[in-house]
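Listed below are the residues making up each chain.
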Amino acid sequence: MTQDAGRVAAKRINDHVELVHADHPDVVLNVPRLDWEAFTAAVKSGAFDLETLNRQAEESLA
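The paragraphs below set out a description of the structure included in this document. A quick note: this is a predicted structure, and the numbers were derived from the prediction, not measured.

Conventions adopted
Residues numbered from 1 in each chain as written. Predicted model: local features only at pLDDT ≥ 70, side-chain atom pairs only at ≥ 80, totals over all residues. Heavy atoms only, no water. Pairing = 2+ DSSP bridges. Helix = DSSP H or I, 4+ residues; strand = E, 2+ residues; numbered from the N terminus. Buried < 20%, exposed > 50% of the residue type's maximum accessible area, 1.4 Å probe, protein only. Contact = heavy atoms within 4.5 Å.

1. A look at the pairing of strand S2 (residues 16-21)
So, step 1. In the sheet, strand S1 (residues 8-13) pairs with S2 via six bridges, with the strands oriented antiparallel. Paired with Arg12 across the bridge in S2 is Val17.
So, step 2. Turn length for the S1-S2 hairpin, with the two strands adjacent in sequence and antiparallel, is two residues, and the turn residue Asn14 shows positive phi of about 40 degrees.
So, step 3. Examined bridge by bridge, S2 and strand S3 (residues 24-32) share six bridges and lie antiparallel to one another. The partner of Glu18 across the bridge, within S3, is Asn30.
So, step 4. Remark: two residues form the turn of the hairpin made by S2 and S3, two consecutive strands paired antiparallel.

2. Topic: unusual backbone geometry
So, step 1. Its identity is not glycine, yet Asn14 carries a phi of approximately 40 degrees, on the positive side.
So, step 2. Note that Asn14 resides in the loop between S1 and S2.

3. Considerations on the environment of Val31
So, step 1. Positionally, Val31 belongs in strand S3.
So, step 2. Judged by relative accessible area, which is 5%, Val31 ranks as buried.
So, step 3. In this view, Val31 contacts His16, Val17, Leu19, Trp36 and Phe39; residues no more than four positions away in its chain are not counted.

Following this line, the structure appears as structure tokens:
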């Protein structure tokens, strides 16, 4: 996991969890609550890198 991972806020909304990075508050990742455990396991293992979200956000803004 990158050092920026601590700057991600998670907010549970009914059937999903919204993840918002402090540097890109307009980019929201929605994770279904049923997939939350698998998602956090993937982040912890390095299979899903939160830095990928930063790159995608920058590319979409460009």
